[in-house]
Amino acid sequence: MCCLFGFIDYNHNLSGKQKNRLLRSLASAAEERGTDAAGIAYHAGGKLHIMKKAKPAHVLRFRVPAETSVVMGHTRYATQGDAKKAYNAHPFQGQIGNKKFALAHNGVLLNDRLLQQAEDLPKTHIGTDSYVAVQLLEKQNALNFNSLRKVAEEVQGTFVFTVLDAQDNLYFVHGDNPLCLYHFPKQSIYVYASTQSILEHGLTASGLSFLKKPVEVKTDEGDILRIDRHGERKLQHFCINSFCPPCYSDAIEWYPKPLSAGRRNPDAYWEGLVSVAASFGYTPKDIHTLRECGFTSDEIEDFLYCGEI
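Under the criterion given, the structure shown has seven aromatic pairs. When the ring of Tyr10 is compared with that of Tyr190, the centres are 5.6 Å apart and the planes differ by 40 degrees; the resulting orientation is tilted. Separated by 180 residues along the polypeptide, Tyr10 in the loop between β1 (3–9) and α1 (16–29) and Tyr190 in strand β10 (residues 189–193) bring together distant segments of the chain. For Tyr190, a relative accessible area of 2% corresponds to the buried category. Ring centres 5.6 Å apart and planes at 80 degrees place the aromatic pair Phe145 and Tyr171 in the edge-to-face group.

Here it is as structure tokens:
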């Protein structure tokens with residue numbers, strides 16, 4: 001699947017050169033989970049900047065100004081939306097009032113089209129399932145714990161969202177996809193990636209040998225963690241067993257039958273997996289055969305995205 005990565009240098013201890021070394025090494029390590037596109041979001045000069053292209057991260061050689069203290073990144077393995085179009089890459093820009101924000105997502109959302117219809121969301125040229133989270137935040141006209149909680153409880157599928165707001169607060173909305181976050185208290189730095197192995201690889205490749213003895217900041221499914229630009233953490237939660245409203249239309253061909261339960265409903269998840277598998281050229285019979293052979297949904301998902309079980 002895709003990979004999230006980034007860092008928070010909350011006391012500005014890293015030089016511009018060191019920040020860019022760390023950024024590039026994390027981005028390159030994150031290619032393990034996606035090379036279709038890559039992008040970053042950060043603030044400089046009082047403005048939000050998003051740089052993304054439909055190219056592997058190592059080709060882009062990301063660079064941020066020395067003044068930047070928070071960077072949010074993403075590498076993409078395309079599952080929905082044209083992989084060659086940069087506008088389908090993450091992070092996505094959203095706007096609430098006159099304040100812009102950036103959102104990146106690792107995972108697959110299964111009910112994005114249902115939500116777009118039910119919430120009467122604007123039509124867009126962006127073809128990814130992830131973008132519905134941006135639209136849901138914009139519709140609430142707020143970016144805070146409450147609005148993020150509502151989004152997390154409405155979407156169905158797998159996810160970790162990272163959201164960078166106008167005040168350089170970085171939110172982590174932890175669904176059932178992986179996330180690894182390290183804190184280096186002596187250096188006043190947070191560094192994160194979707195998996196521990198990618199994070200370790202990126203740190204090693206950066207050559208920043210003074211980043212030693214990190215403290216892992218644990219988050220679990222259902223957590224919403226906010227780290228502000230001063231390094232202060234605040235944790236809240238969302239319900240992982242929430243139920244969606246009744247089906248808004250049973251005529252939507254994309255989904256085999258109406259979703260009546262929350263994203264933890266096993267039957268709904270299996271049906272969603274069948275829909276996702278179709279984008280890889282597999283038939284429902286292929287997926288049901290694997291299920292009958294004893295493979296779990298996680299194992300089949302690994303097969304779809306990684307090519308092996």
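Spatial ordering of the open sheet is given by β3-β2-β4-β1-β10-β9-β11, a layout of seven strands whose pairing is antiparallel. The open sheet has two edge strands, β3 (47–53) and β11 (215–216), and neither has a second partner. Examined bridge by bridge, strand β2 (residues 37–44) and β3 share seven bridges and lie antiparallel to one another. Bridging across to β3, Ile40 finds its partner in Met51. Sheet strands touched by α1: β1, β2, β4 (70–76) and β10. Its angle to β1, the strand with the most contacts, is close to 165 degrees. Running at roughly 40 degrees to strand β9 (residues 180–184), helix α6 (residues 196–206) makes contact with β1, β9, β10 and β11 of the sheet.

Within this structure, the stated rule accounts for four salt bridges. Here Lys218 and Glu216 are joined by a salt bridge, their closest N and O atoms 3.7 Å apart. Classification of Lys218 as exposed rests on a relative accessible area of 62%.

Of the consecutive residues His90 and Pro91, the connecting peptide bond is found in the cis state with omega at -5 degrees. Positionally, Pro91 belongs in the loop between β4 and β5 (92–96). Unlike most non-glycine residues, Asn141 shows phi in positive territory, near 60 degrees. Phi angles above zero are rare outside glycine, and Lys213 is one such case at about 50 degrees. If you trace the backbone, Lys213 turns up in the loop between α6 and β11. In this structure Lys213 comes out as exposed when scored by relative accessible area, which is 76%.

Our focus in this paragraph is the sheet that holds β5. What the six strands build is an open sheet, ordered β5-β6-β7-β8-β12-β13; its pairing is antiparallel. The open sheet has two edge strands with one neighbour each: β5 and β13 (233–237). The mean angle between the axes of side-by-side strands here comes to 20 degrees, regardless of whether they run parallel or antiparallel. Bridge analysis of strand β12 (residues 223–227) against β13 gives five bridges, and the strand direction is antiparallel. Paired with Ile227 across the two strands is Arg233, which belongs to β13. Together, β5, β6 (99–109) and β7 (157–164) form the strand contacts of helix α4 (residues 131–140), whose direction differs from that of β5 by roughly 10 degrees.

Turning next to the pairing of β4. Among the seven residues in β4, seven count as buried, and that is most of the element. For β1 and β4, the ladder comprises six bridges, and the chain directions are antiparallel. Opposite Cys3, over in β4, you have Thr75 as the bridge partner. Note: β2 against β4, six bridges, orientation antiparallel. Within β4, the residue paired with Ala38 across the bridge is Thr75.

Before going further, it helps to spend a moment on the environment of Gly127. Structurally, Gly127 is set in the loop between α3 (112–118) and α4. Assessed through its relative accessible area of 25%, Gly127 is described here as partly exposed. On a C-alpha basis, the gap between Gly127 and Ala89 in space is 9.7 Å, while along the polypeptide they are 38 residues apart. The residues touching Gly127, leaving out its near neighbours within four places in the chain, are Gln80, Gly81 and Asn88.

Bringing α1 into the picture now. Over its 14 residues, α1 extends 20 Å from the first C-alpha to the last, a length consistent with the 20 Å expected when each residue adds 1.5 Å. Of the positions making up α1, those classed as buried are Lys19, Asn20, Leu22, Leu23, Ser25, Leu26, Ala27 and Ala29. Residues of α1 that are buried in the fold lie against β1, β2, α2 (57–60), β4, β10 and α6.

This brings us to the environment of Cys239. Within the secondary structure, Cys239 is located in the loop between β13 and α7 (266–278). By relative accessible area, Cys239 is classed as partly exposed at 37%.

Here we come to the environment of Ala86. When you line up the elements, Ala86 lands in the loop between β4 and β5. By relative accessible area, which is 31% here, Ala86 ends up partly exposed. Along the sequence, Ala86 and Lys55 sit 31 residues apart, while their C-alpha atoms lie 8.6 Å from each other.

Conventions and cut-offs
- Residues numbered from 1 in each chain as written.
- Predicted model: local features only at pLDDT ≥ 70, side-chain atom pairs only at ≥ 80, totals over all residues.
- Heavy atoms only, no water.
- Phe/Tyr/Trp six-rings, centres within 6.5 Å; stacked < 30°, edge-to-face > 60°.
- Helix = DSSP H or I, 4+ residues; strand = E, 2+ residues; numbered from the N terminus.
- Buried < 20%, exposed > 50% of the residue type's maximum accessible area, 1.4 Å probe, protein only.
- Pairing = 2+ DSSP bridges.
- Contact = heavy atoms within 4.5 Å.
- Axes fitted to C-alpha atoms, helices over the stretch in contact; angles between N-to-C directions.
- Salt bridge = Lys/Arg side-chain N within 4 Å of Asp/Glu carboxyl O.
- Expected span 1.5 Å × (residues − 1).

Shape descriptors only; they carry no functional weight alone.
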